[in-house]
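# Chain and residue survey
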Amino acid sequence: MIERILILLLFLVGFSGILARKNIIKKIFGLTLINSAAVLLFVVEGSRVGSQAPIMEQGISQVVDPIPQALMLTAIVIGVCVTALALALAFRLYQAAGSFDIDEIRRRVHDES
Amino acid sequence: MKRPSVTSSAIPLITAMIAVAAVLLPIFLADTPWPVGARDYLQENGFGDSGAINLVSAIYLGYRAFDTLGETIVLLVAVGGTIGILTRSGAILAEGYTNPDTVAGIDSSEEEIPSFSLAREKRKSHALRTHLLEVVTAILGPIVLLFGFYVMLYGHLSPGGGFQGGVVVASGIVFLGLGNRMESSTKLTQAAVLGRIEAAAFLLLILASISGILLGKGFFGNPLSRFTAVPEGFIIMLNAIIGLKVGAGIGFMCIAILGRER
Amino acid sequence: MIIILLLLILILAVYALSTSDLLQGIIALSAVSLLSALLFYLLNAPDVAITEAAVGAGVSTVVFVGVIRYTDRKDHSK
Amino acid sequence: MSLEDMVFLPVVLPLLGAALALCAKVFLTGRASRILEYTGVFIGLGLPWLFFVYITPMMYAGQAVSGVIGAWHTGVGIMYRFDGLAYLVNILGFSVAAAAWVYALGAGPKGPSFSSVFLIQTASLAAAIMTADLFNLFVCLEVLGIASYVLIASSDKPGAALASFSYLMVSATAMVFFLLGLYGLYRLTGVLSYEGIASALNQLPDAGGPVALVSLSLIVAAVAMRVAVMPLYGWLPDAHALAPHAISAVLSGVLIKTPLFALSRVLMLMPAGASAGQLMGYAGAVTALAAVVIALSQKDAKRLLAYHSISQIGYIVSAWGAAIQVGTTTGAGVVLMAAAFMHAFYHALFKGLLFLSIGTTVDRAGERNVYVLRGAGRILRAHGERFPVTLICFLIGALSISAIPPLNGYASKAAISYALKGTPHYYLLFAASIGTVASFIKLSRIFWPTPKGSAAVLDDVPAAIPWPIHLSQIFLGLLCVIGGLAAPALFAFVLRLISAGGADVAISLKFYSSGTMIKTLIITASGVLLFLGAITPKGSALLKRVRERRRDFEGLFVSFALGTAALAGWLLL
């Protein structure tokens with residue numbers, strides 16, 4: 001219960017970063033944080049049903065649910081790929097506008113077009 | 001240059017935060033017992049079905065290999081896109097970007113493979129490159145590579161697998177690039193070579209997924225099961241291909257980012 | 001133990017978003033990844049732990065630092 | 001090769017083509033590289049048509065192919081289902097994608113990297129529509145997303161980078177919400193396939209309660225964001241306006257519709273799906289009207305088209321939502337869904353055509369402002385266009401979207417208004433049609449001839465327009481005309497595929513009756529009046545206010561959060 005509340009808080013912190021921070025690098029921080037929150041939620045909850053890692057060596061009988069773990073492998077990688085692309089775009093925007101501030105970037109890009 | 005006042009825009013943001021919290025609360029508070037049907041099935045039959053002791057690998061490359069294919073494609077596009085965007089962004093606003101004929105970004109018609117290098121003579125700043133770093137990374141590089149291949153190939157038995165091994169291989173490649181002492185042995189850090197490995201591995205991965213269709217085992221079916229009774233062969237093969245592709249792709253991306261000329 | 005780790009993660013996350021030095025924020029984020037990896041290991045998820053450590057703390061930090069290096073390290077929006 | 005294997009061809013062949021194009025880039029140079037790249041594109045965009053032709057009789061007979069990928073156990077593996085709807089959406093996607101790729105050959109971006117990303121995008125569209133597994137849908141949407149971020153950013157303008165960044169941030173956030181919704185449903189049911197989740201939810205007391213409803217609303221909102229229904233549309237205008245023209249055509253024509261039809265496969269099974277569909281139907285009807293008002297106020301030609309995409313997707317969503325609400329097993333639901341698909345398909349054709357022809361024009365004129373650009377016909381002639389192909393293609397597209405018979409837009413709008421008759425949607429869509437006519441009169445003014453000598457400055461280099469541009473425009477233009485003339489037969493075909501060859505659906509729809517003609521006349525006349533009103537000083541001041549309303553980056557997330565909360569509240573109450 002407490003774990004889930006903490007993860008929810010982590011998610012909300014990340015989301016507030018996306019919403020309220022003006023610096024786009026901070027916004028990307030927020031994105032990685034909400035992604036981690038989702039991953040944490042799956043793995044923490046999925047590990048409640050057993051007590052052993054899902055590697056079927058001799059004498060293993062009560063493993064945790066491996067499905068959330070396999071899903072989260074994919075989700076982590078996709079999250080990092082999207083982050084990398086977002087950073088590249090942020091770099092390009094910095095080159096165009098000379099700032100990481102979203103309002104400044106919008107203003108500069110708007111003036112030009 | 002005036003910035004809009006902070007207080008006027010705060011109300012919608014706070015409303016949005018409250019809305020998100022209210023929507024997510026039921027999901028986070030849900031207390032239903034975790035379902036065990038799939039877990040029990042896998043515990044019983046996972047090894048027999050796929051031949052992998054590591055059940056996560058069994059799902060990742062067996063039961064849900066199609067997801068993994070999608071994931072590697074996301075990685076492929078992200079690496080290509082990141083490098084393309086980073087290398088082509090000059091001072092866009094300054095130099096008449098409005099010319100509609102120069103649509104670049106991914107590439108224009110003829111493209112040259114950009115060259116990056118972590119090698120000493122091509123870099124302007126040496127602030128971070130002490131002699132110690134070069135010696136240590138040069139020695140560690142091959143060892144890290146070897147460890148990466150170990151993680152890659154034993155993914156079906158122990159934690160790890162193609163993707164994780166690939167990332168370790170990528171860091172080995174970066175090490176080799178940093179400790180660039182023996183020119184002859186570090187072809188592996190050249191952008192062109194890495195790009196080739198990645199493209200070839202992607203082609204192999206697609207062919208591996210189709211081979212099941214051609215050999216009558218279905219899409220992403222195990223084509224090797226026609227020749228051998230050991231089911232884990234396909235997982236090892238996929239692990240190796242994915243590891244190569246991920247290692248080359250991420251290594252390429254890291255070298256491109258770290259070795260970018262100002 | 002799990003709760004302590006989660007609390008630490010939460011504190012680091014708040015720090016990452018509030019510091020005005022982006023490089024410190026990046027280090028805090030990679031610490032979040034490392035702590036998550038430790039947590040996953042404790043929770044019997046070694047595969048996820050390896051991936052999170054390699055990808056979250058490794059690759060993503062490299063990309064972040066690579067972009068920050070030639071641009072602006074400071075968050076001026078305060 | 002069995003049928004179970006063959007249905008994967010629309011996914012596998014473009015991927016194979018993408019791999020070949022990538023190899024062409026790194027292993028070969030010059031001519032050899034180009035040959036291998038074009039071979040890859042042919043494999044990816046051409047060969048699937050053989051499969052589509054081959055499978056048509058089976059689809060017509062109502063056959064559907066479903067199973068588990070790799071023939072694993074159903075509880076753990078990935079389920080898929082290739083049915084009439086998947087077949088139709090594939091046809092839609094591959095026809096527009098082929099035309100757009102050919103256009104890009106003449107207008108850029110081109111090169112093997114572009115081809116491979118483009119093919120990957122096409123493959124992910126085909127995969128998204130045939131998967132029957134929620135997590136696999138997540139992966140497909142992510143592949144789709146990342147390919148489109150890169151393609152949008154491939155235009156060199158910084159505005160495109162900002163549009164791509166905004167789209168990336170909001171859709172990546174939405175996908176995390178999707179993941180949380182997936183968590184909620186997995187925790188309740190323990191499976192990931194649509195059917196498994198639906199049947200497990202039906203067995204739970206009160207169908208899973210609030211957790212199931214909230215989870216579903218997170219998933220629906222994340223997909224609706226991609227579709228750009230009204231509160232969640234903010235990313236679209238910039239992205240579609242600033243992307244390269246060929247990409248705009250694919251984004252508007254195909255990319256915003258595939259997630260919608262993929263979502264319908266989820267909602268048709270879920271216990272709360274009908275109610276969610278109802279709300280989306282309302283949102284769609286409001287979208288159709290509101291977006292057309294904003295479109296009327298725009299001055300950038302491509303942004304005007306982008307707002308029209310939102311408006312037209314509103315038509316589709318309102319019919320689609322009503323179909324989900326009554327259920328597609330009923331006769332009325334089948335008619336509604338068929339009308340929604342018809343409009344989606346025809347919109348893909350004429351909006352693709354409009355983006356391509358307007359793109360050709362504004363590139364040659366070097367001017368995108370519809371208030372400034374005049375005499376575009378002469379500018380095109382100066383670029384060696386003896387026979388005004390681009391002008392005619394633009395007119396076909398504009399008349400189609402304004403629903404003038406006998407073009408295809410008329411037919412599909414007639415089908416939608418027939419299916420929606422008697423609902424509140426009907427009147428909103430009627431009003432939206434008037435706005436559409438008005439704004440296309442406004443857009444057409446760029447072709448109004450100017451007195452000799454006072455024409456806009458001709459470009460200094462009168463380079464000829466490459467043939468691929470004309471070829472792709474003519475291809476889409478012909479499809480628009482044929483689609484309009486053959487509409488009754490095609491509608492019957494779509495009806496049969498969507499009803500899976502079963503249940504005879506009685507329809508009394510006459511496409512060209514005197515009643516519909518009179519309605520068209522009324523709409524067109526009101527459209528002209530509205531246009532005349534819009535160019536009065538009062539009208540243009542009002543439109544300027546609409547155009548310069550406040551839009552900021554945070555607004556995207558606020559509207560996403562509020563939209564999700566509204567959907568969850570609607571389902572709960």
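Structure report, in brief.

## What to know about the overall build of chain C
Counting its secondary structure elements, chain C contains three helices and zero strands. Moving toward the C terminus, one meets the helices and strands of chain C in the order α-α-α. C-alpha extents for chain C along the principal axes are approximately 40 × 25 × 10 Å. By the burial criterion, 59% of the 78 residues in chain C qualify as buried. By sequence separation, contacts in chain C at least 24 residues apart represent 58% of the contacts at least 6 residues apart. Distance from the positive charge centre (4 side chains) to the negative charge centre (5 side chains) of chain C: 11 Å.

## Some thoughts on the interface of chain D and chain B
Many analyses report the size of an interface as the accessible area lost when the parts associate. Of the residues lining the interface, 73 residues belong to chain D; the matching set on chain B comes to 66 residues. Taken together, both faces of the contact between chain D and chain B bury some 6,100 Å²; the carbon and sulfur share is 77%. It is Trp72(D), Val76(D) and Arg187(D) in chain D that bury the most area against chain B; as a group they hold 12% of the surface buried on that side. Our count for the contact surface shared by chain D and chain B stands at one salt bridge. Between Arg64(B) and Asp133(D) there is a salt bridge; the shortest N-O distance is 2.6 Å. For the pair chain D and chain B, the number of links is four residue pairs in polar contact (both at pLDDT 80 or more). The set of elements that each furnish at least two residues to the side of chain D that touches chain B consists of helix H2 (9-27), helix H5 (112-130), helix H6 (134-153), helix H7 (158-189), helix H9 (209-227) and helix H24 (553-572) of chain D. In terms of residue count, the dominant contributor to the side of chain D that touches chain B is H2(D) (12 residues). For the side of chain D that touches chain B, the residue count by class is 47 nonpolar, 14 polar and 12 charged.

## Describing a nonpolar patch on the surface
On the surface, a cluster of nonpolar side chains totalling about 620 Å² of accessible area is made up of Met1(A), Ile2(A), Ile5(A), Leu9(A), Leu25(B), Leu29(B), Ile3(C) and Leu7(C). With three residues, the single largest contributor to the nonpolar patch is helix H1 (residues 2-20) of chain A.

## Thoughts on the arrangement of the chains
Ranking by contact count across five pairs of chains in contact places chains B and D at the top. When C-alpha atoms are compared, chain C and chain D, though not in contact, are closest at a spacing of 15 Å.

## Here's the deal with the packing of aromatic side chains
What the rule picks out here adds up to 31 aromatic pairs over all chains. For the pair Tyr94(A) and Phe100(A), a centre-to-centre distance of 4.8 Å together with 45 degrees between the ring planes defines the contact as tilted. With respect to burial, Tyr94(A) and Phe100(A) carry one shared label: buried. With centroids separated by 6.1 Å and ring planes inclined at 40 degrees, the aromatic side chains of Trp34(B) and Tyr183(D) adopt a geometry described as tilted. Separated into two different chains, Trp34(B) in the loop between helix H1 (6-29) and helix H2 (37-50) and Tyr183(D) in helix H7 make up a pair that spans both. By relative accessible area, which is 7% here, Trp34(B) ends up buried. Through a chain of ring-to-ring contacts, the aromatic side chains of Trp49(D), Phe51(D), Phe52(D), Phe82(D), Tyr87(D) and Phe94(D) assemble into a single cluster. Seen from the ring of Tyr60(D), Arg496(D) lies directly overhead, with NZ or CZ sitting 4.4 Å from the centre.

## Remarks on unusual backbone geometry
Not every positive phi belongs to a glycine, and Asn44(C) is a case in point at roughly 65 degrees. With respect to the helices and strands, Asn44(C) occurs in the loop between helix H2 (22-42) and helix H3 (46-69). For Ala403(D), which is not glycine, the phi torsion reads 60 degrees and is therefore positive. Checked against the element boundaries, Ala403(D) lands in the loop between helix H17 (389-401) and helix H18 (408-419).

## As for helix H5 (residues 131-153) of chain B
Residue and element names in this part refer to chain B. With 23 residues, H5 extends 34 Å between its outermost C-alpha atoms, agreeing within 8% with the 33 Å of an ideal straight helix rising 1.5 Å per residue. Of all the bends in H5, the largest measures some 30 degrees and sits at Gly141, one to four residues before the proline Pro142. Here H5 has its buried residues at Glu134, Thr137, Ala138, Gly141, Val144, Leu145, Gly148, Val151 and Met152. Packed against the buried residues of H5 are helix H6 (162-178) and helix H8 (232-258).

## Regarding the pattern of salt bridges
Evaluation of the coordinates by the stated rule reveals 16 salt bridges over all chains. The network of salt bridges with shared partners includes Glu3(A), Arg4(A), Glu45(A), Arg48(A), Asp31(B) and Arg187(D).

## Let's talk about the packing of helix H2 (residues 24-46) of chain A against H3(C)
Close contact between H2(A) and H3(C) brings their axes to 13 Å; oriented N to C, the two are set at 180 degrees. On the basis of the axis angle, H2(A) is roughly antiparallel to H3(C). Between H2(A) and H3(C), the residues in contact are Ile25(A), Ile28(A), Phe29(A), Thr32(A) and Val43(A) and Val48(C), Phe64(C) and Ile68(C), respectively. When its residues are assigned to classes, the contact of H2(A) with H3(C) shows seven nonpolar, one polar and no charged.

## So, the packing of H6(D) against helix H12 (residues 258-267) of chain D
Residues and elements named next belong to chain D. Here H6 crosses H12 at 175 degrees, and the two axes come no closer than 12 Å. With respect to their mutual orientation, H6 and H12 come out roughly antiparallel. Of the residues in H12, those touching H6 at Leu134, Leu137, Leu141 and Leu144 are Pro259, Ala262 and Val266.

## Looking at the interface of chain A and chain D
At the interface, 36 residues of chain A touch 36 residues of chain D. Where chain A meets chain D, there are three salt bridges. Of the charged contacts, one joins Lys22(A) and Glu554(D) as a salt bridge, the two residues approaching to 3.6 Å between their closest N and O atoms. Put simply, chain A and chain D have three residue pairs in polar contact (both at pLDDT 80 or more) between them. Those elements giving two or more residues to the side of chain A that touches chain D turn out to be H1, H2, helix H3 (66-97) and helix H4 (102-112) of chain A.

## Things to note about the environment of Lys26(A)
Within the secondary structure layout, Lys26(A) lies in helix H2. On the basis of relative accessible area, Lys26(A) is assigned to the buried category, the value being 0%. A sequence separation of 12 residues divides Lys26(A) from Gly14(A), and the C-alpha atoms of the two residues are 9.5 Å apart. Only 3.3 Å separates the side chain of Lys26(A) from the backbone oxygen of Leu17(C), close enough to count as a polar contact.

## Thoughts on empty space enclosed by the protein
One pass over the structure, following the stated rule, counts 10 cavities of 30 Å³ or more. Volume-wise, the largest cavity comes out at about 240 Å³. Together, 19 residues line the largest cavity, and Thr32(A), Ser36(A), Ser33(C), Glu52(C) and Gly56(C) are the ones closest to its centre. Every element with two or more residues in the lining of the largest cavity is listed here: H2 and H3 of chain A together with H2 and H3 of chain C. Among the residues forming the lining of the largest cavity, the class breakdown is eight nonpolar, 10 polar and one charged. Along the walls of the second largest cavity sit 14 residues, with Phe66(B), Gly70(B), Ile73(B), Ala127(D) and Val143(D) positioned nearest its centre. Of all the elements in the fold, those that place two or more residues in the lining of the second largest cavity are helix H4 (65-88) of chain B together with H2, H5 and H6 of chain D. Here the lining of the second largest cavity is built from residues that sort into 11 nonpolar, three polar and no charged.

## Re the state of the cysteines
Considering all chains together, one arrives at zero disulfides over all chains under this definition. Free of any disulfide, Cys81(A) has its nearest neighbouring cysteine sulfur in Cys254(B), separated by 12 Å. For Cys81(A), a relative accessible area of 3% translates into the label buried. Of the cysteine sulfurs around Cys140(D), a residue in no disulfide, the closest is that of Cys81(A), at 16 Å. Judged by its relative accessible area of 5%, Cys140(D) is buried.

What counts, and where the lines are drawn
- Residues numbered from 1 in each chain as written.
- Chains lettered and ligands numbered in written order.
- Predicted model: local features only at pLDDT ≥ 70, side-chain atom pairs only at ≥ 80, totals over all residues.
- Heavy atoms only, no water.
- Helix = DSSP H or I, 4+ residues; strand = E, 2+ residues; numbered from the N terminus.
- Buried < 20%, exposed > 50% of the residue type's maximum accessible area, 1.4 Å probe, protein only.
- Contact = heavy atoms within 4.5 Å.
- Lys, Arg positive; Asp, Glu negative; His and termini not counted.
- Charge placed at Lys NZ, Arg CZ, Asp CG, Glu CD.
- Buried area = accessible area lost by both parts, 1.4 Å probe.
- Salt bridge = Lys/Arg side-chain N within 4 Å of Asp/Glu carboxyl O.
- Polar contact = N/O pair within 3.5 Å; in protein donor to acceptor, adjacent residues only side chain to side chain.
- Nonpolar A, V, L, I, M, F, W, Y, C, P; charged D, E, K, R; others polar.
- Patch = residues over 30% accessible without salt bridge, like charges linked within 9 Å, V, L, I, M, F, W, Y side chains within 5 Å.
- Areas by Shrake-Rupley, 256 points an atom, 1.4 Å probe, with all protein chains shown as cover.
- Phe/Tyr/Trp six-rings, centres within 6.5 Å; stacked < 30°, edge-to-face > 60°.
- Lys NZ or Arg CZ within 6 Å of the ring centre and 35° of its normal.
- Expected span 1.5 Å × (residues − 1).
- Bend = angle between axes of the 7 residues up to and from the residue.
- Axes fitted to C-alpha atoms, helices over the stretch in contact; angles between N-to-C directions.
- Parallel < 35°, antiparallel > 145°, perpendicular 65-115°, else oblique.
- 1 Å grid on protein atoms, 1.4 Å probe; cavity = no way out; pocket = protein on both sides within 12 Å on 5 of 7 lines; lining within 4 Å.
- Points joined across faces, edges and corners; volume = space filled by probe spheres on them.
- Disulfide = S-S within 2.5 Å.

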